[in-house]
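Architecture and fold: a report
As a plain string of letters, each chain reads:
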Amino acid sequence: MGKSKVLIIGGTGYLGKRLVKASLAHGHQTYILHRPEVGVDIEKIELLISFKMQGAHLVHGSFSNYNSLVEAVKLVDVVICAISGVHIRSHSILLQLKLVQAIKEAGNVKRFLPSEFGADPARMQNATEPGKVTFDDKMVVRKAIEEAGIPFTYVSANCFAGYFIGGLCQFGKILPSRDSVVIHGNGNIKAIYVTEDDIATYTIKTIDDPRTVNKTLYLRPPKNILSQRQVVGIWEKLIGKELQKVTLSKEDFLASMKDLDYAQQVGLSHYHDVCYEGCLTNFEIGDEGDEASQLYPEVNYTTVEDFLKRYV
Ligand code: NDP
């Protein structure tokens, strides 16, 4: 069996561009939706052209032109959507309902991977408001996929390293501090960190793997399941300096949300669930899921320590 042809939607996005690179690197015929709405955004156009020069096919299509979505998905075997879902940037998760409809109508797609790539939304029914909206919307999309009978894989990627490790797990920081750090509660709750490139690699690895059809793929690289104190400890060792630690209680963290705008509140509530509630590590993977580093041991994933070396 040859490698699947892949359509990536959101291919110029933060994660999407890495999915395109990984798909090309793994030898898949790679198609990228080129939306007219991109207009004269020169950065996106340059990126699209560079992907085309590396062998990708650009497919014209738009979420405001349903038939164009149907025609686009007819070209491929696998559709991966990496549409935006971070409120502080942009949030378009429910637009995928149109895509689900298009995939159903086209009838040829062997696997659909919707834009998830975070905490498993099926396990976030008790998520903190207002951040729960992210998981609720992703569940709406899942329901539509499953009702349409479309084969799927959901990728639960846990924490993007760039956001979480870069900021030593502090919301609103993406560079590690060198003087002091805010510690969430006792700082011992474990979370899971995966670099964006590794997320893309595992995602592409799974698209032709029959073991993960209609399952959730959890990304839990064992060396990257760490508490905030452990992450800070690795950073301190790298810079040869101990940071001043300021402890922030759960109550004070939640209280700090109330003066923020909605998008920031959404982001902060996610950090709350990860850092205080341990929502990424407080469950075992059941029969509906598989763990990526076990399925694909050949992937030499980036450890938190190696990732942090970039910032020294
Ligand atoms: P981006 O904000 O980078 O956006 C991705 C793409 O979405 C854009 O490039 C664009 O595609 C497309 N898009 C945005 N708005 C629209 C619209 N109105 N109509 C059509 N397309 C649109 O997304 P991210 O890479 O940050 O997020 C991807 C996924 O990863 C989301 O599900 C998000 O929740 C998740 N995530 C998880 C994190 C974690 O720590 N676990 C952190 C960050 C994200 P185009 O290329 O066509 O212009």
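What counts and how
Residues numbered from 1 in each chain as written. Predicted model: local features only at pLDDT ≥ 70, side-chain atom pairs only at ≥ 80, totals over all residues. Heavy atoms only, no water. UniProt positions renumbered as here; feature names shortened; annotations may be inferred. Near = heavy atom within 4 Å. Polar contact = N/O pair within 3.5 Å; in protein donor to acceptor, adjacent residues only side chain to side chain. Areas by Shrake-Rupley, 256 points an atom, 1.4 Å probe, with all protein chains shown as cover. Helix = DSSP H or I, 4+ residues; strand = E, 2+ residues; numbered from the N terminus. 1 Å grid on protein atoms, 1.4 Å probe; cavity = no way out; pocket = protein on both sides within 12 Å on 5 of 7 lines; lining within 4 Å. Points joined across faces, edges and corners; volume = space filled by probe spheres on them. Nonpolar A, V, L, I, M, F, W, Y, C, P; charged D, E, K, R; others polar. Pairing = 2+ DSSP bridges. Axes fitted to C-alpha atoms, helices over the stretch in contact; angles between N-to-C directions. Patch = residues over 30% accessible without salt bridge, like charges linked within 9 Å, V, L, I, M, F, W, Y side chains within 5 Å. Salt bridge = Lys/Arg side-chain N within 4 Å of Asp/Glu carboxyl O. Phe/Tyr/Trp six-rings, centres within 6.5 Å; stacked < 30°, edge-to-face > 60°. Buried < 20%, exposed > 50% of the residue type's maximum accessible area, 1.4 Å probe, protein only. Lys NZ or Arg CZ within 6 Å of the ring centre and 35° of its normal.

In the annotation of an unreviewed UniProt entry, the entry for the protein reads (+)-lariciresinol reductase, and the organism field reads Penstemon davidsonii. Per UniProt, the comment on the protein under Subunit (unreviewed entry) is "Dimer." Listed under Sequence similarities (unreviewed entry) in UniProt, the entry text for the protein is "Belongs to the NmrA-type oxidoreductase family. Isoflavone reductase subfamily."

A separate point is the site of the ligand. Near the ligand you find 30 residues, and of these Thr12, Arg35, Arg89, Ser115 and Asn158 are the closest. Contacts to the ligand include Phe160, whose backbone N or O atom sits 2.9 Å from an oxygen atom. Calculation on the ligand without its partners gives an accessible area of 920 Å², and the protein chains cover 87% of this total. Elements that contribute at least two residues to the shell around the ligand include exactly strand E5 (85-86), strand E9 (159-160) and helix H6 (161-164).

Residues given the UniProt feature "domain: NmrA-like" (unreviewed entry) here are residues 3-308. Split by type, residues 3-308 is 38% helix and 18% strand. Its first and last C-alpha atoms lie 34 Å apart.

Another aspect to go through is the layout of surface pockets. It is a probe the size of a water molecule, rolled over the atoms, that shows where empty space is left. As a volume, the second largest pocket reaches approximately 240 Å³. Lining the second largest pocket are Tyr14, Arg18, Arg89, Gly162, Tyr163, Ile174, Thr195, Glu196, Asp197, Phe307, Arg310 and Tyr311. Of all the elements in the fold, those that place two or more residues in the lining of the second largest pocket are H6 and helix H7 (196-206). Among the residues making up the lining of the second largest pocket, the classes are represented as five nonpolar, two polar and five charged.

This paragraph deals with the sheet that holds strand E8 (residues 153-156). The strand order across the open sheet built from three strands is E8-E12-E15, with neighbouring strands paired in parallel fashion. The sheet terminates laterally at E8 and strand E15 (289-291), the two strands that pair on one side only. Within this sheet the neighbouring strands show an average axis-to-axis angle of 25°, counted without direction.

On to a nonpolar patch on the surface, then. A contiguous nonpolar patch, built from Leu94, Leu97 and Val140 and spanning about 200 Å² of accessible area, is present on the exposed surface. Mapped onto the elements of the fold, Leu97 is located in helix H4 (residues 96-106).

Further remarks concern the packing of aromatic side chains. For the structure shown, the criterion picks out nine aromatic pairs. Centroid distance Phe171 to Tyr271: 5.2 Å. Interplanar angle 80°. Geometry classified as edge-to-face. Residue Phe171 is located in the loop between H6 and strand E10 (180-184), and its partner Tyr271 is located in helix H10 (residues 262-275); the two are separated by 100 residues in the primary sequence. On the basis of relative accessibility, which here comes to 24%, the residue Phe171 falls in the partly exposed class. Among the aromatic residues, those joined into a ring-pair cluster are Tyr14, Phe160 and Tyr163. The ring of Tyr218 has Arg220 sitting right over it, with the charged end atom 6.0 Å from the ring centre.

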